[in-house]
There are 2 protein chains.
Amino acid sequence: MSDLPHAVRVTEEGPREGFQIEKGPIATARKIALIDALSQTGLDHIQVVSFVNPKAVPGMADADDVVRGIAPRKGVAYTALWLNKKGFERALQFSDRLANSGTIQLSASEKFSLRNQNRSAAQQLAEQHAIVESYKSAGVPVERGSIMAAFGCNFEGDIPVARVVALVQQILDVAQEHAVTLKYITLADTMAWAAPLAVKRVVGTLRERWPDLDIALHLHDTRGMAIANAYAGLEMGVRRFDSSVAGLGGCPFAGHQGAAGNVCTEDLVFLCDELGIATGIELDALIECAQLAEDIVGHPLPGSVMKGGTLARFRG
Amino acid sequence: MSDLPHAVRVTEEGPREGFQIEKGPIATARKIALIDALSQTGLDHIQVVSFVNPKAVPGMADADDVVRGIAPRKGVAYTALWLNKKGFERALQFSDRLANSGTIQLSASEKFSLRNQNRSAAQQLAEQHAIVESYKSAGVPVERGSIMAAFGCNFEGDIPVARVVALVQQILDVAQEHAVTLKYITLADTMAWAAPLAVKRVVGTLRERWPDLDIALHLHDTRGMAIANAYAGLEMGVRRFDSSVAGLGGCPFAGHQGAAGNVCTEDLVFLCDELGIATGIELDALIECAQLAEDIVGHPLPGSVMKGGTLARFRG
């Protein structure tokens, strides 16, 4: 099956994914400079910070200042990530600058939830009801469902497609019960287990069951499969992707076996350009952002097109 | 269309592609150590050196010593590259160790041929007849056709599919005229212009016209598309790939805009493993080779699975 979409929407997560993992202290002004540069590329959604405990994530200690410092550009949605009520309340203080929206989030791996959040699958699901209500009472729209570890988990192994189907149903049920309408559901390959056939299998099964459901992919590149997985998603008609400029978000050169970043934004945009899929994003401007990101973090980043260059200059 | 093969054959080109481009002097013994380690992984074809002018390619000055030094393993074909008669004669001196075989090679870009070999397309074609005869009189089998710049060229731009079809016909005509039977034809994405749709279009057109023709892909990763292009090739039934352990062969971290290496062998093998396609190659042993390669060149190499690790250890 090949059902390439005419256009895709890209959510840039580089600033959030990258600056939360980089070791160095990075000047707030430089983080802001990258975000402002990204906002000039045609990207219409940039996740800029996470509101998390600065002791756990020192790189996000200046999240408030970053949000205050950006020069908001019309047509660009700036968003933040939070993991709990406290983080959400911090985000709410910036309702003038951030396009806050809520997510109904489940994990496909119970072992992952138990380990990271000390919650069973049942507890996690039950909690979503309260979370949706808190969004509603704060006047924050609930627009997204999300399934973590949708393709596999280091603690639980491969995830059966049937479980993903069941989780999508649970998310849709929560949304219906609280009368919110989701715009899309993200399948997150949190621990980089996906391969193209698994992407096709999962997305195909979901599309068969819910033909109108918009699916987004959040693909980590730890095993080098992200761009092939994105292509497999495109072939299945996927129209939304998270991505990370220059591949920010992991540190494969620091020698640890940690997760790599999301699929590289400019490589994804190059792929879409070559497939005739509109992104609304200017590749040359994006490459400049990738080079800026590399300069800011002070070490090589894994993006390819930023090093290899575009083809446009040869096509004249 | 998806026509994943049951098995693929991988030609490891890392030692040749990598050591010819690395700046360092690299000890001959270490080159040999990598080749010998690769021969233990299940790889059955390793391109070990190129016999070229040592003034132009200092990293290949010790090619003779490398070939002499390897511990030939049964079932592994060791091959060399040459670009002219002199190089071929050097290869012939090692007929006991090298599985020398000839290639009928054309370039899809006349501008590239003019620039690099000072030959028009007509001259290049005419020359192939003499080359095939020289192989025959030396008792060297002619087993492969090859089309350079099959997907695009920095000097000529995109290559029309019709031109690739015409070149395959020319190669088959030369083979027929000299009564040699080719085993396969390699499409080389020499300057990394390919995207997955182009791979599908070209391979699909060739398969339609020559259903029994075995096609190999030689994919450079300069723009990060190699693994997605390999996947597109697999979906079209391609069963032969060139690849490069750890992604050896370019130097994306040295700041020049040169070509990156071939698709990374262990990432390709991981992809095949996940798709249920047999390679005969032991992924863990290959990862050790990739780490050895990084140690030998003394700088990070772009391969991903060597950093992110396999999934087997989690599946138990």
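Residues numbered from 1 in each chain as written. Chains lettered and ligands numbered in written order. Predicted model: local features only at pLDDT ≥ 70, side-chain atom pairs only at ≥ 80, totals over all residues. Heavy atoms only, no water.

**Re the side chain of His 218 of chain A**
All names here are of chain A.
- Here His 218 is to be found in strand β9 (residues 215-219).
- Among the polar contacts made by the side chain of His 218, one reaches the side chain of His 220 at a distance of 3.2 Å.
- A polar contact of 2.7 Å, which involves the side chain of His 218, links it to the side chain of Asp 242.
- With residues up to four places along the chain from it excluded, the contact list for His 218 reads Glu 13, Glu 17, Thr 186, Leu 187, Ala 188, Asp 189, Asp 242 and Asn 262. (Helix = DSSP H or I, 4+ residues; strand = E, 2+ residues; numbered from the N terminus. Polar contact = N/O pair within 3.5 Å; in protein donor to acceptor, adjacent residues only side chain to side chain. Contact = heavy atoms within 4.5 Å.)

**Things to note about the interface of chain A and chain B**
- If you look at the interface, chain A gives 39 residues, while chain B gives 39 residues.
- Buried area between chain A and chain B, summed over both chains or domains, comes out near 3500 Å², and the portion from carbon and sulfur atoms is 64%.
- Inspection of the region where chain A meets chain B yields four salt bridges.
- A salt bridge links Lys 200 of chain A to Glu 235 of chain B; the shortest N-O distance between them is 2.4 Å.
- Applying the counting rule to chain A against chain B returns eight residue pairs in polar contact (both at pLDDT 80 or more).
- Among the residues making up the side of chain A that touches chain B, the classes are represented as 21 nonpolar, eight polar and 10 charged. (Buried area = accessible area lost by both parts, 1.4 Å probe. Salt bridge = Lys/Arg side-chain N within 4 Å of Asp/Glu carboxyl O. Nonpolar A, V, L, I, M, F, W, Y, C, P; charged D, E, K, R; others polar.)

**Some thoughts on the confidence of the model for chain A**
- In the predicted model, chain A carries a mean pLDDT of 94, and the fraction of residues at 70 or more is 97%.
- Taken together, the stretch residues 252-256 of chain A has pLDDT below 50 and engages in eight contacts with residues farther than four places along the chain or on a different chain. (pLDDT = per-residue confidence, 0-100.)

**Quick look at the relation of the copies chain A and chain B**
- Superposing chain A onto chain B requires a rotation of 180° together with a translation of 0.0 Å along the rotation axis, leaving an RMSD of 0.0 Å. In symmetry terms, the pair is related by a two-fold rotation axis. Every residue of chain A has its C-alpha some distance from the rotation axis, and the shortest such distance is that of Ala 228 of chain A, at 2.0 Å.
- By residue overlap, the copies meet face to face through one surface: 100% of the interface positions of chain A are interface positions in chain B. (Least-squares fit on C-alpha atoms with pLDDT ≥ 70 in both.)

**A word on the environment of Arg 240 of chain B**
Residue and element names in this part refer to chain B.
- Within the element layout of this structure, Arg 240 appears in strand β10 (residues 240-243).
- Along the primary structure Arg 240 and Thr 186 are separated by 54 residues, whereas in three dimensions their C-alpha atoms are 8.5 Å apart.
- For Arg 240, the contacting residues outside a window of four places in its chain are Arg 9, Lys 183, Tyr 184, Asp 214, Ile 215, Ala 216 and Leu 217.
- For Arg 240, the side chain forms a polar contact with the side chain of Asp 214, separated by 3.2 Å.

**Some words on the state of the cysteines**
- In this structure the tally under the stated criterion is zero disulfides over all chains.
- Of the cysteine sulfurs around Cys 264 of chain A, a residue in no disulfide, the closest is that of Cys 289 of chain A, at 12 Å. (Disulfide = S-S within 2.5 Å.)

**Here's the deal with the packing of helix α9 (residues 226-235) of chain A against helix α10 (residues 265-275) of chain A**
Residue and element names in this part refer to chain A.
- Here α9 crosses α10 at 40°, and the two axes come no closer than 11 Å. Overall, the two elements α9 and α10 adopt an arrangement that is oblique. Viewed along their axes, α9 and α10 form a crossing whose handedness is right-handed. Where α9 abuts α10, its residues Ile 227, Ala 230, Tyr 231 and Leu 234 lie against Asp 267, Leu 268, Leu 271, Cys 272 and Leu 275. (Axes fitted to C-alpha atoms, helices over the stretch in contact; angles between N-to-C directions. Parallel < 35°, antiparallel > 145°, perpendicular 65-115°, else oblique. Left-handed = near helix turned anticlockwise from the far one by under 90°.)

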